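# Survey of secondary and tertiary structure
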Amino acid sequence: MFNMEVKTSLLDNMIGVGDMVLLEPLSEDSFIDNLRKRFDHNEIYTYIGSVVISINPYRSLPIYTPDKVEEYRNRNFYELSPHIYALADEAYRSLRDQDKDQCILITGESGAGKTEASKLVMSYVAAVCGKGQEVNKVKEQLLQSNPVLEAFGNAKTVRNDNSSRFGKYMDIEFDFKGDPLGGVISNYLLEKSRVVKQPRGERNFHVFYQLLSGASDDTLKKLKLERDFSKYNYLSLDSAAVNGLDDAANFRTVRNAMQIVGFMEDEMQSVLELVAAVLKLGNIEFKPESRCNGTDESRVKDKNDLKEMCELLGIEQSVLERAFSYRTVEAKMEKVSTTLNVSQAYYARDALAKNLYSRLFSWLVTRINESIKAQAKTRHKVMGVLDIYGFEIFEDNSFEQFIINYCNEKLQQIFIELTLREEQEEYVREGIEWTNIEYFNNAVICDLIENNQNGILAMLDEECLRPGTVTDETFLDKLNTVCAEHQHFESRLSKNSKFLTDHSLPHNCFRIQHYAGKVLYRVEGFMDKNNDLLYRDLSQAMYKANHSLIKQLFPEGNPAKVNLKRPPTAGFQFRASVGTLMKTCIQSPRQKSLPHFHRLFWSVIKRVPGLMETEGERAGYAFRQTYEPCLERYKMLCKRTWPHWRGPAREGVEVLMTDLQVPPEEFSYGRSKIFIRNPRTLFFLEERRKQCLEDLATLIQKIYRGWKCRTHFLLLKQSQITVSAWYRRYAQQKKYKRIKSATTLVQSYTRGWQARKLLRELKYQKRCKEAVTTISAYWHGTQARRELRRLKEEARRRHAVAVIWAYWQGLQVRREYRKFFRANAGKKIYDFVIQRIIQKYLWPSRPHLFLDDAHTELRRIFHLWREKKAVYEEKLEASEIFKDKKALYPSSVSQPFKGDYLEITKNPKYQKLNNVVEEKVLMADVVNKINRANGKGTARIFLLTKKNVVLADQKTGQVKASVPLPDLTSVSVSTQSDGFFALKLKEGTASAVKGDFLLSSEHLIEIITKLHRAGTTAADVEQFLVQFKQDKVCVKFIQGAPKNGSGVSCKRKNNRLLEVSVPTTAATS
């Protein structure tokens, strides 16, 4: 299947010892030497029983390829060399095959690679689980949640370029097939102090640098940001650029991951606006001012950054500026407002930045959970993966390192309880012979930190709440008083005299001896970081923002829900989170009945804490199980227990182990469980069970195939009988139809022969009758043609006599007339014609010279009158029609009648239309054809010829309608100053199919006059009816004020009325 050599056992070709349980001799030196030997040969994984130790190589190794995934898939835990894939596969198969929930705990020092380990576990599970469109979508969302959380929750530290600064516990939910359905992420106390201050050599959270490096110029402009890191006080400059980290590419990865997880575009924009607001917040600086009463107050130096931040968040600048300068304290019914000095203003600014970012991070986790949560409401199987802070020992350790190391102490305590104490207690309960092993229990260190009465966290909270002057030094004094005698607490100023001369212990520090070593904590900043107080004025200012996300992050700012209680301290919150986490870790193996609690330790080991735990692992049993499920799982390995065992389950297991000849030293019988010492014994049982299951599967397949073949044979036999019966029926039916068809054919041929014989006889009789008729007809025809020829000859003779007589008469008349015709008649006729032409078309010459001027003027008047005669006739006729009847008439008197306003014969645009119209065009103009549906007009070309009225499209010149003038009965117009007129058509004519035409023109008077001259009558009325197809619509004219500067307007009032509004000014002008 693969071209690679697969190791068949943990012991084959192993470098060093792959499982520390097999290490001989067992000592701290041999333990570390074995790890070093394996690490030098790139073997970074080592087992301690079911625990995996890993050493971070700080370089890429070719051990995470798809081939490696297939190599470890469905293999036993100890079958191949140690690998994190073996742990992930064991957990996944236990969840899928045994229906048992799993929990994987990842812990170790800072920089040990815990985050990478959690991603490797998730990627392996995603690779080996099922496929499908919906499953792939869920897997992709689960995997892409990591880049989003890393961008907002990880940062570069002195030990790690991608250090997780928050704790994460992810529950991945699976269905019964082992396919992922979704997940739930829980986060634990983000290190929000990093937002405002970073130690030397470290960076702020990745997202700030990714945004400035990878966002487009347009995005930065919208967010009011610049690419230069030095412009922002919250970003450390000494480690801004990190080798191997491409912030620009990572920003694109994060945006793509947010889209895959399910973030909308506006949500991503809102998140970036809040990140930009945090950067802007760090640039706000304050200056002191003295009031008249002598108190100091602060004012913002440069308000530009404050203004831009307020614009991003939608907050009034004055509201936020006041919140930075004043603090309101409420106590029952009283309110006291005090001014803030410069240091208090800076504290308020940093507190707002930390809270804004930490709440944004919590919102991101909640939003991711909404997208990746399982939709199905059936029972789910769960695999939990815990990636928590690593143990941190720096040169300068403060409050953050204190609470992180406290969390690791609690995890170590759970490790001890779940591996050794509960292990030995179970052996005692089950009656197994067992030599008690002494081990270090770190519960005393946890009690030193978390005790409710005199624990360090309790005293820190008490000191924060105590009235009066409270400083870090007073807190250290209290520790020195209460914890001086504790064996794991060291301080220079404590009552214990042995530390008075310890110069490695400064006066302002205390030291705690953790399970992983001594850590020196500097007390400076403990009080402020634990208080983590956000003034109510700032919360209320944030709640007033118009930003879509801000109000969700600051619900306590709602004035209607004011809570006067002091908010919990950071230490209290973290202790509660750790308590919840411990319950989750304990409940995973106990309440969900997991057979294994897988732990992954990932650290560069300088010291091996709890070495005796390995001895306990070696002395114990690798596997245990109650008798009932054990017998149920392996009963097929023995004939006496298969298929049913009738007695008690323990006796059945004893019979089974005896029959399999398992050595007695390899197992022990408890009261309710069987304990198996060596994993090889378990592998032996599983291999035998697998082989037996294959045999049983073969038997089941044999029986099933036999049954299937018999069933198939019987079905074929029954089918053959059925097919035969149907075929015989079909054959007989076909034979009967064939005989019936042949009989019918013979009958038809016989009847046909008889019919044809009768037909021949009838045809013969008919031909005899027709022959007589034909001969008689030919005879009568011959006689008629002879008579016709005789008559024609007689008629020709008569016509010839008449023609000759007519010619003779004409000759006689011409001879008689020629006597009276004068010889000069031609010249007289010519002179007469010339005289008439001069009289009609030319002006006669003047009779006398002194009449020259009068002669010229009279000739000009005569020719002008001849040219304008037709126009004057039309104007006179228009006066007779419209004078004192149409309000539009007076304005048309001075306008000449041009007739062809479009120059249709000259304009090439109308050449097509000119070719269609054959007659002379009397009138050519653009009119508006009124639509009865909405009263709006459509431009049309109006042509009037001697025979037709033509309407054509103005753009294309296509003829839309052609109405012969005889089909026009009348033209209706109003008495107002509008240009509307209706062409009434004769009912029943072809032109009247679509009804009358309602038109509007600026040359109404001229059109109506020419129509009148063509024989159409016009009527002036206030309103008239227009026939549209089958409906009659009333056109009503009213006077009103012009709208929007327009003139006459037409509007449909209802299905039977069109209302034409004529401006009053136009009507009266």
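Nothing here was measured: the structure is a model prediction, and the numbers come from that model.

Reading guide: rules and limits
Residues numbered from 1 in each chain as written. Predicted model: local features only at pLDDT ≥ 70, side-chain atom pairs only at ≥ 80, totals over all residues. Heavy atoms only, no water. Phe/Tyr/Trp six-rings, centres within 6.5 Å; stacked < 30°, edge-to-face > 60°. Helix = DSSP H or I, 4+ residues; strand = E, 2+ residues; numbered from the N terminus. Buried < 20%, exposed > 50% of the residue type's maximum accessible area, 1.4 Å probe, protein only. Lys NZ or Arg CZ within 6 Å of the ring centre and 35° of its normal. Pairing = 2+ DSSP bridges. Axes fitted to C-alpha atoms, helices over the stretch in contact; angles between N-to-C directions. Contact = heavy atoms within 4.5 Å. Parallel < 35°, antiparallel > 145°, perpendicular 65-115°, else oblique. Nonpolar A, V, L, I, M, F, W, Y, C, P; charged D, E, K, R; others polar. Polar contact = N/O pair within 3.5 Å; in protein donor to acceptor, adjacent residues only side chain to side chain. Salt bridge = Lys/Arg side-chain N within 4 Å of Asp/Glu carboxyl O. Patch = residues over 30% accessible without salt bridge, like charges linked within 9 Å, V, L, I, M, F, W, Y side chains within 5 Å. Areas by Shrake-Rupley, 256 points an atom, 1.4 Å probe, with all protein chains shown as cover. Lys, Arg positive; Asp, Glu negative; His and termini not counted. Charge placed at Lys NZ, Arg CZ, Asp CG, Glu CD. Core = buried A, V, L, I, M, F, W, Y, C linked by side-chain atoms within 4.5 Å. pLDDT = per-residue confidence, 0-100.

This brings us to the packing of aromatic side chains. According to the stated counting rule, one finds 26 aromatic pairs in the structure shown. Between Phe-205 and Tyr-357, the aromatic rings sit 5.0 Å apart at their centres with planes inclined by 20°, giving stacked as the arrangement. Of the two residues, Phe-205 is situated in the loop between strand 7 (180-188) and helix 6 (206-214) and Tyr-357 in helix 12 (residues 342-372); the sequence distance between them amounts to 152 residues. This pair shows no difference in class: Phe-205 is buried, exactly as Tyr-357 is. Considering the side-chain rings of Phe-286 and Tyr-346, the 5.1 Å spacing of their centres and the 85° angle between planes classify their relative orientation as edge-to-face. Of this pair, Phe-286 sits in strand 8 (residues 286-290) while Tyr-346 sits in helix 12, and the two are 60 residues apart along the sequence. A relative accessible area of 25% places Tyr-346 in the partly exposed class. Ring pairs connect the aromatic residues Phe-399, Phe-402, Phe-475, Phe-489, Phe-510, Tyr-521 and Phe-526, which therefore count as one cluster. Taking the ring centre of Tyr-543 as reference, the NZ or CZ of Lys-551 above it sits at 5.3 Å. Sitting over the face of the ring of Phe-897, Lys-875 holds its NZ or CZ atom 4.0 Å from the ring centroid.

Within the open sheet, the three strands sit side by side as 13-14-15. Their pairing is antiparallel. Both outer strands of the open sheet, strand 13 (489-491) and strand 15 (517-522), are each paired with one neighbouring strand and no more. For this sheet the average axis-to-axis angle between neighbouring strands, irrespective of direction, equals 25°. Inspection of the sheet shows strand 13 paired to strand 14 (residues 509-514) by three bridges, in the antiparallel sense. The residue bridging Ser-491 from the neighbouring strand is Phe-510, located in strand 14. With respect to the sheet, helix 14 (residues 443-450) is in contact with strand 13 and strand 14, its orientation differing from that of strand 14 by roughly 150°.

The next subject is unusual backbone geometry. Cis peptide bonds are those with omega within 30 degrees of zero, and the linkage from Trp-642 to Pro-643 qualifies with 0°. Relative to the helices and strands, Pro-643 is located in the loop between helix 22 (627-634) and helix 23 (649-660). Although it is not a glycine, Asn-42 sits at a positive phi angle of roughly 60°. By the element assignment, Asn-42 lies in the loop between helix 1 (28-40) and strand 1 (45-48). On the basis of relative accessible area, Asn-42 is assigned to the partly exposed category, the value being 35%.

Put simply, helix 11 (residues 317-325) and helix 18 (residues 536-543) touch, their axes get as near as 9 Å, and they point 170° apart. Taken together, the axes of helix 11 and helix 18 lie roughly antiparallel to each other. On the side of helix 11, the interface is formed by Val-319, Leu-320, Ala-323 and Phe-324, while helix 18 contributes Asp-537, Leu-538, Ala-541 and Met-542. Within the contact of helix 11 with helix 18, the residues separate by chemical class into seven nonpolar, no polar and one charged.

Along helix 10 (residues 303-313), the positions that sit buried rather than exposed are Asp-305, Leu-306, Glu-308, Met-309, Cys-310, Leu-312 and Leu-313. Where helix 10 begins, the capping side chain belongs to Asp-302, and its oxygen is found 3.2 Å from the backbone nitrogen of Asn-304. Once helix 10 ends, the next one or two residues include Gly-314, with phi positive near 70°.

So, on to the pattern of salt bridges. For the structure on display, the rule yields 49 salt bridges. The partner of Arg-36 in a salt bridge is Asp-33, with the nearest N and O atoms 3.0 Å apart. Within this pair, Arg-36 and its partner Asp-33 are both found in helix 1, separated by three residues, close to a single helical turn. Residue Asp-33 is classed as partly exposed on the basis of its relative accessible area, which comes to 45%. Ionic pairing is found between Lys-886 and Asp-978, a salt bridge with its closest N-O pair at 3.7 Å. Highlighted residues: Lys-886 in the loop between helix 26 (852-882) and helix 27 (889-893) and Asp-978 in the loop between strand 24 (968-974) and strand 25 (980-985), separated in sequence by 92 residues.

Right, let's get into the sheet that holds strand 18 (residues 667-669). On the basis of which strands lie adjacent, the open sheet formed by three strands has the order 17-19-18 and antiparallel pairing. Sheet topology places strand 17 (623-626) and strand 18 at the edges, where each strand pairs with a single neighbour. Mean inter-strand twist for the sheet, computed between neighbouring axes without regard to direction, equals 15°. Relative to strand 19 (residues 673-676), strand 18 runs antiparallel, the two sharing three bridges. Residue pairing for strand 19: Ser-668 is matched across the bridge by Phe-675.

Residues Lys-929, Lys-960, Lys-994 and Lys-1029 make up a contiguous surface patch of positive charge. Here Lys-960 lies in strand 23 (residues 959-964).

With 115 residues, the main nonpolar core has Phe-152, Phe-208, Leu-225, Leu-320, Phe-324, Leu-352 and Leu-360 as its most contacted residues. For this core, the element with the most residues is helix 12, which contributes 14 residues. If near-sequence neighbours (up to four positions away) are discounted, Phe-152 is found in contact with Leu-190, Phe-205, Val-207, Val-271, Val-275, Tyr-357, Leu-360, Phe-361 and Leu-364. Residues Ile-445, Met-459, Leu-460 and Leu-581 belong to the second largest nonpolar core, which totals 42 residues.

Once that is clear, we can look at the pairing of strand 31 (residues 1057-1063). Judged by how many residues are buried, strand 31 sits mostly within the fold: six of seven residues are covered. Sheet analysis places strand 29 (residues 1031-1040) next to strand 31, joined by seven bridges and oriented parallel. Looking at strand 31, one finds that Phe-1037 is bridged to Val-1060. Direction of pairing for strand 30 (residues 1049-1054) relative to strand 31: antiparallel, over a ladder of five bridges. Note that in strand 31 the partner of Lys-1051 across the bridge is Glu-1059. Between the antiparallel neighbours strand 30 and strand 31 lie two residues.

Moving on to the side chain of Asp-461. Of note, Asp-461 is situated in helix 15 (residues 456-465). Although Asp-461 is buried, it makes no salt bridge; Arg-575 carries the closest opposite charge, 4.4 Å away. One polar contact links Asp-461 to Asn-530, side chain to side chain, over a distance of 3.0 Å. Ignoring sequence-local partners within four residues, the contact set of Asp-461 consists of Asn-530, Thr-569, Phe-572 and Arg-575.

Attention shifts here to the confidence of the model for the protein. On average, the protein scores 81 in pLDDT, and the residues at 70 or more come to 89%. Residue range residues 1-9 is modelled with pLDDT below 50. Its contacts to residues more than four positions away, or to other chains, number 19 contacts. A low-confidence stretch, residues 589-617 (pLDDT under 50), is modelled with 101 contacts involving residues beyond four sequence positions or located in other chains.

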